[in-house]
Amino acid sequence: MAALNRVLRTRGLLSSSYTSAACRSYSPAASESERKFSFVGSIGNNKIPRKDPSERNVQWVFLGCPGVGKGTYASRLSNLLGVPHIATGDLVRDELSSKGPLSQKLAEIVNQGKLVSDEIIISLLSKRLEAGEANGESGFILDGFPRTIRQAEILEGVTDIDLVVNLKLREDILVEKCLGRRICTQCGKNFNIANINVKAENGNPGIYMAPLPPPAGCESKLITRADDTEEVVKQRLRIYNEMSQPVEGFYRSRGMLMEFDLPGGIPESWPKLLHALNLDQEEKQSVAA
Ligand SMILES: Nc1ncnc2c1ncn2[C@@H]1O[C@H](COP(=O)(O)OP(=O)(O)O)[C@@H](O)[C@H]1O
């Protein structure tokens, strides 16, 4: 917490006791100029105006079960919007591979599909935010955080989230997708060898998700995450339902949650997600550029 507290104090957002009273309104279907917000952070007895979103980049959160594609879509949006994509799972894996003092403890937790403690995850996130701040970053798309109500409350206490996107997909497909995930040890990119083709049944639509095969240069360097075994994935899904699903309710009750049912693979889902976020224009401009 110390590092996060330092960042937040320098931003005038934290005192030893803080409460948040962020008032916001967001309509994903509204145009950029219509996106008006008003923010007031209340810290102790002092009212502290928070940074107007028109003066900073977006601050979004991506929620969703393991394997749903949070990383894929958050990363694409971060490229489109020019904001950092901050995935706490990546921060945990970086810490694991650094073989630092925390790595042994983290490996045990992660490989059992359990959640890392709020304290550790906040410390990793705060270090990442501090580094970003030093590099002049503005805005973020958070992926994998918050995952508990306590994390959501801490985040709400220190900054304003403009929008929370909740990606959804059937559970049997989630397991298949996790088992098909591969990472290239050289370029670090994610691929997926699962070929998902579920027929329409009992009124449920069919879903087709083509594999995302690696290029020839990566083929011999692929690894599977140690926590992507069937047993651990199922455990992560159970923990998601118990600990993280309440976070959806937290944001739903604040009117911040945009639900998005993935209709298929990237070619089908990406344009629909952009449309739901009213970003079709931004995509056209970036393709033309
Ligand atoms: N916000 C968080 N709180 C606690 N643990 C986390 C958090 N983010 C990531 N982790 C840990 O890192 C692991 C991998 O996270 P992630 O890459 O986001 O996986 P997933 O595919 O389950 O979404 C999680 O299973 C958990 O142990």
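Look up: the structure comes first, before these words.
Described in the following lines is the structure provided in the data block. Keep in mind that what you see is a predicted model, and the values were worked out from it rather than measured.

## Brief notes about the overall build of the protein chain
For step 1, the next point in the chain: Secondary structure assignment for the protein chain yields 10 helices and 12 strands.
For step 2, the next point in the chain: The buried share of the protein chain, taken over its 289 residues, is 47%.
For step 3, the next point in the chain: Considering only contacts within the protein chain whose residues lie at least 6 apart along the sequence, 71% involve residues at least 24 apart.
For step 4, the next point in the chain: A total accessible area of about 14,600 Å² is found for the protein chain, and carbon and sulfur atoms account for 52% of it.

## Remarks on the pairing of strand β3 (residues 59–63)
For step 1, the next point in the chain: Of all five residues in β3, five are buried, a share of seventy percent or more.
For step 2, the next point in the chain: Alternating positions in β3 separate into two faces, Gln59, Val61 and Leu63 on one and Trp60 and Phe62 on the other, with burial throughout.
For step 3, the next point in the chain: In this structure, β3 lies alongside strand β5 (residues 140–143), joined through four bridges in parallel fashion. Residue Phe62 lies in a different strand from β5, and its bridge partner there is Asp143.

## Some thoughts on the packing of helix α3 (residues 88–97) against helix α5 (residues 118–134)
For step 1, the next point in the chain: Across the interface, α3 lies against α5 with an axial gap of 10 Å and an inter-helix angle of 95°. Judged by the angle between their axes, α3 and α5 are roughly perpendicular. Along the contact surface, α3 presents Thr88, Leu91, Val92 and Glu95, while α5 presents Ile121, Leu124, Leu125 and Arg128.

## Digging into the pattern of salt bridges
For step 1, the next point in the chain: As enumerated under the stated definition, the model contains 14 salt bridges in all.
For step 2, the next point in the chain: Residue Arg93 is joined to Asp90 by a salt bridge in which the shortest nitrogen-to-oxygen separation is 3.0 Å. With Arg93 and Asp90 both in helix α3 and three residues apart, this pair spans about one turn of that helix.
For step 3, the next point in the chain: Owing to a relative accessible area of 28%, Arg93 belongs among the partly exposed residues under this scheme.
For step 4, the next point in the chain: Residue Asp90 is classed as partly exposed on the basis of its relative accessible area of 38%.
For step 5, the next point in the chain: Residues Arg254 and Glu156 are paired through a salt bridge, measuring 2.6 Å at the closest nitrogen-oxygen approach. With a gap of 98 residues between them, Arg254 in the loop between α8 (230–252) and β12 (257–261) and Glu156 in helix α6 (residues 149–158) connect regions that are remote in the sequence.

## Notes on unusual backbone geometry
For step 1, the next point in the chain: The omega angle of the peptide bond from Phe145 to Pro146 is 0°, so this bond is cis rather than trans.
For step 2, the next point in the chain: Examined against the element boundaries, Pro146 turns out to sit in the loop between β5 and α6.
For step 3, the next point in the chain: Residues other than glycine seldom take positive phi values, yet Asn278 does so here, at roughly 60°.
For step 4, the next point in the chain: Along the chain, Asn278 falls in the loop between α9 (266–276) and α10 (280–288).
For step 5, the next point in the chain: Residue Asn278 is classed as partly exposed on the basis of its relative accessible area of 26%.

Criteria and thresholds
- Residues numbered from 1 in each chain as written.
- Predicted model: local features only at pLDDT ≥ 70, side-chain atom pairs only at ≥ 80, totals over all residues.
- Heavy atoms only, no water.
- Helix = DSSP H or I, 4+ residues; strand = E, 2+ residues; numbered from the N terminus.
- Buried < 20%, exposed > 50% of the residue type's maximum accessible area, 1.4 Å probe, protein only.
- Contact = heavy atoms within 4.5 Å.
- Areas by Shrake-Rupley, 256 points an atom, 1.4 Å probe, with all protein chains shown as cover.
- Pairing = 2+ DSSP bridges.
- Axes fitted to C-alpha atoms, helices over the stretch in contact; angles between N-to-C directions.
- Parallel < 35°, antiparallel > 145°, perpendicular 65-115°, else oblique.
- Salt bridge = Lys/Arg side-chain N within 4 Å of Asp/Glu carboxyl O.

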